[in-house]
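# Residue-level structural notes
Now for the letters of each chain:
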Amino acid sequence: VQLQASGGGLVQAGGSLRLSCAASGRTISSYGMGWFRQAPGKEREFVAAISWAGGRSFYADSVKGRFTISRDNSRNTVYLQMNSLKPEDTAVYYCAGRTGTNWLSSDSYDYWGQGTQVTVSS
């Protein structure tokens, strides 16, 4: 599975962005999917995850209530709607396909996109 993330950019604090993750090579309908992010000088961290059918989702406490993960299996695409953005949300955002059982651990994700930069100015 090849994953292509897009939709990042520069936005002011309080603004919104919608990230997309388009998959190719194989359908993602049988995979749980997730978003992670990595800020400069920090380790990659979990942001959000969604079950294969989209019925369950889970969020990091830092984004809960502001970010929404969704998927459209007919389009082989996963989304991350980010509202009320804060400067601390600045990072490279990665989408990933999960084959393991731990939704929060990057070790459970075998397929990774190349990342898209999100910069939030204060």
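Let me sum up the structure you'll find in this document. For clarity, every value in this text was computed on a predicted model and none was experimentally measured.

Positionally, tyrosine 109 belongs in strand β10 (residues 109–112). Judged by relative accessible area, tyrosine 109 falls into the buried class, the value being 3%. For the pair tyrosine 109 and proline 87, spaced 22 residues apart in sequence, the C-alpha separation works out to 27 Å. Beyond its immediate sequence surroundings of up to four residues, tyrosine 109 is in contact with Met33, Gly34, Phe36, Phe46, Ala49, Ala96, Gly97, Arg98, Asn102 and Trp103. A distance of 2.6 Å separates a polar side-chain atom of tyrosine 109 from the backbone oxygen of tryptophan 103.

A few words now on the sheet that holds strand β3 (residues 17–24). To summarise the sheet geometry, strands pair through backbone hydrogen bonds and adopt either a parallel or an antiparallel arrangement. As summarised here, the arrangement of the four strands in space is β1-β3-β8-β7, forming an open sheet in which the pairing is antiparallel. Every other strand in the sheet has two partners, leaving β1 (2–6) and β7 (67–72) as the edge strands with one partner each. Averaged over all pairs of adjacent strands, the angle between strand axes in this sheet comes to 15°, irrespective of strand direction. The pairing of β7 with strand β8 (residues 77–82) spans six bridges and is classified as antiparallel. Following the sheet pairing, threonine 68 is matched in β8 by glutamine 81.

Glancing now at the nonpolar core. Core analysis: the biggest nonpolar cluster contains 36 residues, and Trp35, Leu80, Met82 and Tyr93 have the highest contact counts within it. Within the residue set of this core, elements represented by two or more residues are β1, β3, β4 (32–38), β5 (45–50), β7, β8, β9 (91–98) and β11 (116–121). It is β5 that provides the largest number of residues to this core, a total of five residues. When sequence neighbours within four positions are dropped, the list of residues in contact with methionine 82 reads Gly15, Ser16, Leu17, Leu19, Arg66, Phe67, Tyr93 and Val118.

It is worth spelling out the pairing of β1 at this point. Of the two faces of β1, only the one carrying Leu3 and Ala5 is buried; Gln2, Gln4 and Ser6 on the other face are not. As paired elements, β1 and β3 share five bridges and run antiparallel to each other. From the neighbouring strand, serine 6 faces β3, where its bridge partner is serine 20.

For the coordinates displayed, the defined rule picks out five salt bridges. Taking the shortest distance from any N to any O, the salt bridge between arginine 37 and aspartate 89 comes out at 2.9 Å. Placement of arginine 37 in strand β4 and of aspartate 89 in the loop between β8 and β9 is noted, with a sequence separation of 52 residues between them. Classification of arginine 37 as buried rests on a relative accessible area of 6%. On the basis of relative accessible area, aspartate 89 is assigned to the buried category, the value being 1%. Arginine 66 is the partner of aspartate 89 in a salt bridge, and the nearest nitrogen-oxygen pair spans 2.8 Å. Residue aspartate 89 is found in the loop between β8 and β9, and its partner arginine 66 is found in the loop between β6 (57–59) and β7; the two are separated by 23 residues along the sequence. Side by side, aspartate 89 and arginine 66 carry an identical accessibility label, which is buried.

The rules behind these values
- Chains are numbered independently. Their residues run from 1 in the order of the written sequence.
- Since the coordinates come from a predicted model, pLDDT governs what is reported: local features require at least 70, and pairs of side-chain atoms require 80 or more to be given and counted, while whole-chain, interface and lining totals use all residues.
- Only hydrogens and water are set aside; all other atoms, that is, all heavy atoms of the structure, feed into the side-chain values.
- Counting from the N terminus, the helices are DSSP H or I runs at least four residues long and the strands are E runs at least two residues long.
- Note on exposure labels: buried denotes an accessible area under 20% of the residue type's maximum, exposed denotes more than 50%, and partly exposed covers the range between, all computed with a 1.4 Å probe on protein chains only.
- Throughout, a contact is declared for two residues whenever any of their heavy atoms are within 4.5 Å.
- Pairs of N or O atoms within 3.5 Å make up the polar contacts considered here, provided that, within protein, one atom can donate a hydrogen while the other can accept it, and that residues adjacent in sequence are counted only when both atoms are side-chain atoms.
- Note on pairing: DSSP must find at least two bridges between two strands before they are called paired.
- Lines fitted to C-alpha atoms define the axes, with helix axes restricted to the stretch in contact, and inter-axis angles between N-to-C directions lie between 0 and 180 degrees.
- Each nonpolar core is a collection of buried residues, namely Ala, Val, Leu, Ile, Met, Phe, Trp, Tyr and Cys, held together in the definition by side-chain atoms within 4.5 Å.
- Within this document, salt bridges are pairs made up of a side-chain nitrogen of Lys or Arg and a carboxyl oxygen of Asp or Glu, the two lying within 4 Å of each other.

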